[in-house]
Amino acid sequence: MASTLGYLVYDAATSGNAPPSIEFHLGTPRPQLNYFLVPVSVTNRGDKTAEGVHIEVVLENDGKEQESRELAIALLARHSTREGWVTFQTDPRTGQQLQARVLSFEKP
C-alpha cells in the first residue's frame, strides 16, 4: 500500500503538461469465419490521459469508401498503448486500402 501511494505521488510530481497525443497503427488483416479482423494499436504519447477515444478505420477501393468501422477506447492513460480490433465483411487484403483517423477524445 505504501509503495503504491509513493508511486502515485512520484507520478503526479513528475508528469508533464503536454495534452494527449494519440497515434495508431493498423496491423495485418486476417480472415475469420465470416469476416476479416484488423488489429489496431492506439498509443497516447502525451502527458495527460484521454477518455472516450474514438478511432475510425475506413476500407477504401479506388478512393471510395466501401466500409467504415469505429474502435472506442474508454480510457487511454498517458504514455500507454491499448490494442483492439475492427472487423470488415470485405477482405482488406485484396487491393483495398485501409485508412484511419482519430475522431474524438475527452479530457477526464
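Details of the structure are given in the entry above.
Residues numbered from 1 in each chain as written. Predicted model: local features only at pLDDT ≥ 70, side-chain atom pairs only at ≥ 80, totals over all residues. Heavy atoms only, no water.

A. Structural view of the nonpolar core. Core analysis: the largest hydrophobic core is formed by 14 residues, its most contacted members being Ile-22, Val-42, Val-53, Ile-55, Leu-71 and Val-86. If you list the elements that add at least two residues to this core, you get strand 3 (36–44), strand 4 (50–61), strand 5 (64–76) and strand 6 (80–88). With five residues, strand 4 is the single largest residue contributor to this core. The residues contacting Val-53, other than those within four sequence positions of it, are Ile-22, Leu-71, Ala-72, Ile-73, Leu-76, Ser-104 and Phe-105. (Core = buried A, V, L, I, M, F, W, Y, C linked by side-chain atoms within 4.5 Å. Buried < 20%, exposed > 50% of the residue type's maximum accessible area, 1.4 Å probe, protein only. Helix = DSSP H or I, 4+ residues; strand = E, 2+ residues; numbered from the N terminus. Contact = heavy atoms within 4.5 Å.)

B. Focus on unusual backbone geometry. One non-glycine residue, Asp-62, adopts positive backbone phi at about 55°. Relative to the helices and strands, Asp-62 resides in the loop between strand 4 and strand 5. The phi angle at His-79 is positive, at roughly 55°, despite the residue not being glycine. Within the secondary structure layout, His-79 lies in the loop between strand 5 and strand 6.

C. Summary view of the pairing of strand 3. Of all the nine residues making up strand 3, nine are buried; the element is thus mostly covered by neighbouring parts of the structure. Judged by which residues are buried, strand 3 turns out to be covered on both faces: Phe-36, Val-38, Val-40, Val-42 and Asn-44 on one side and Leu-37, Pro-39, Ser-41 and Thr-43 on the other are all buried. Note that strand 1 (residues 22–26) and strand 3 share five bridges and pair antiparallel. By the bridge assignment, Leu-26 is partnered in strand 3 with Val-40. Where strand 2 (residues 30–31) lies against strand 3, two bridges are found, and the strand directions are antiparallel. By the bridge assignment, Arg-30 is partnered in strand 3 with Leu-37. A loop of four residues connects strand 2 with strand 3, the two strands running antiparallel in sequence. (Pairing = 2+ DSSP bridges.)

D. Focus on the sheet that holds strand 4. A sheet is described by the order of its strands in space; here three strands give the open sequence 5-4-7, paired in antiparallel fashion. The two strands at the open ends of the sheet, each matched to only one other strand, are strand 5 and strand 7 (97–106). Adjacent strand axes in the sheet meet at a mean angle of 20°, parallel and antiparallel pairs treated alike. Bridge count between strand 4 and strand 5: eleven bridges; the pairing is antiparallel. Paired with Ile-55 across the two strands is Leu-71, which belongs to strand 5. (Axes fitted to C-alpha atoms, helices over the stretch in contact; angles between N-to-C directions.)

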